[in-house]
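Commentary on secondary and tertiary structure
Residue strings, one per chain:
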Amino acid sequence: MTEAFPNMVKRTTLLVRDMAVSRRWYEYVLGMQVWMDTEFVLSGAGLAAGSAGDRTHLVIMRGEHDRLGMIGLLQWLEPPRSAPPPPTEVGYGMPVFVVESADAALVAQRAEELGTRVHCPPRVWSTRGARGELRHFIGVSVFDPDGHFFECNQVTAIDEPEDSQ
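Keep in mind that this is a model prediction, so the values were computed, not measured.

**Side note on the sheet that holds strand β2 (residues 33–41)**
Taken in spatial order, the four strands make up an open sheet running β1-β4-β3-β2, and their pairing is mixed. With partners counted over all chains shown, the strands left at the sheet margins are β1 (11–15) and β2, one partner each. Neighbouring strand axes in the sheet, compared pairwise and without regard to direction, differ in orientation by 20 degrees on average. Pairing between strand β3 (residues 55–62) and strand β4 (residues 70–78): seven bridges, direction antiparallel. By the bridge assignment for β4, leucine 58 is matched with leucine 74.

The structure is reproduced here in structure tokens:
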């Protein structure tokens, strides 16, 4: 039996314009793998989008963990759903995804190779953590093909607070 966590966020599902393009981006840029790939028909009850009978395609991407931090990619098949142009800045109602990366510069390089927007190229920065430690990063900020924003950080060092030594 697995331990239950109250109100654990397992997955965020994003609406995408082109499943093949989005799937490739998440595999190549973020290094995620397909966990599930299925088509289904909406009931009209659970999702606050579309109508009963709409046919959709859902691909769930996973990182290192198969219960946390997964990203669902959802594309409308029938009827097709029109979409505004992808945003180029973060606004109200839009998530900011924060990703721990093994190679932040590679994330930026691959996003650029696939023609998606790199908002901030690799930069060195630091911040204090919850325990007072000073965390050092290489960070990049990129948009996926549909305009979802990702802050990808590679931890380069952690300086423990002096009072904990």
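**Looking at the packing of aromatic side chains**
What the rule picks out here adds up to six aromatic pairs. Ring geometry for tyrosine 26 versus phenylalanine 150: centroids 5.8 Å apart, planes at 75 degrees, classification edge-to-face. Of this pair, tyrosine 26 sits in helix α1 (residues 19–28) while phenylalanine 150 sits in strand β8 (residues 149–159), placing them 124 residues apart in sequence. Its relative accessible area of 0% is what places tyrosine 26 among the buried residues. On the numbers, 4.6 Å between centres and 20 degrees between planes, the contact of tryptophan 125 with phenylalanine 137 is stacked. One end of the pair, tryptophan 125, is in strand β6 (residues 118–128); the other, phenylalanine 137, is in strand β7 (residues 134–143), and twelve residues separate them in sequence. A relative accessible area of 21% places tryptophan 125 in the partly exposed class.

**Let's talk about the layout of surface pockets**
If you add up the space inside the largest pocket, you get close to 680 Å³. What lines the largest pocket is a set of 29 residues, among which Leu30, Met32, Gly63, Val99 and Glu100 lie closest to the centre. Within the residue set of the lining of the largest pocket, elements represented by two or more residues are β1, β4, β5 (96–100) and α2 (104–113). The greatest single-element share of the lining of the largest pocket, amounting to four residues, is contributed by β5. Of the residues assigned to the lining of the largest pocket, the class counts are 15 nonpolar, seven polar and seven charged. Here the second largest pocket defines a volume of roughly 290 Å³. Together, 14 residues line the second largest pocket, and Leu15, Val16, Arg17, Ser82 and Ala83 are the ones closest to its centre. By residue number, the principal contributor to the lining of the second largest pocket is β4, which donates three residues.

**Things to note about the sheet that holds β7**
Strands sit in the order β5-β8-β7-β6 across an open sheet of four strands; the sheet is mixed. Each having just a single partner strand, β5 and β6 make up the two edges of the open sheet. The mean inter-strand angle of the sheet, taken between neighbouring strand axes irrespective of direction, is 25 degrees. In the sheet, β5 pairs with β8 via five bridges, with the strands oriented parallel. Counterpart to valine 96 in the pairing with β8 is phenylalanine 149. On top of the sheet, α2 reaches β6, β7 and β8; it is set at about 5 degrees to β7, its chief contact.

Conventions adopted
Residues numbered from 1 in each chain as written. Predicted model: local features only at pLDDT ≥ 70, side-chain atom pairs only at ≥ 80, totals over all residues. Heavy atoms only, no water. Pairing = 2+ DSSP bridges. Helix = DSSP H or I, 4+ residues; strand = E, 2+ residues; numbered from the N terminus. Axes fitted to C-alpha atoms, helices over the stretch in contact; angles between N-to-C directions. Phe/Tyr/Trp six-rings, centres within 6.5 Å; stacked < 30°, edge-to-face > 60°. Buried < 20%, exposed > 50% of the residue type's maximum accessible area, 1.4 Å probe, protein only. 1 Å grid on protein atoms, 1.4 Å probe; cavity = no way out; pocket = protein on both sides within 12 Å on 5 of 7 lines; lining within 4 Å. Points joined across faces, edges and corners; volume = space filled by probe spheres on them. Nonpolar A, V, L, I, M, F, W, Y, C, P; charged D, E, K, R; others polar. Contact = heavy atoms within 4.5 Å.

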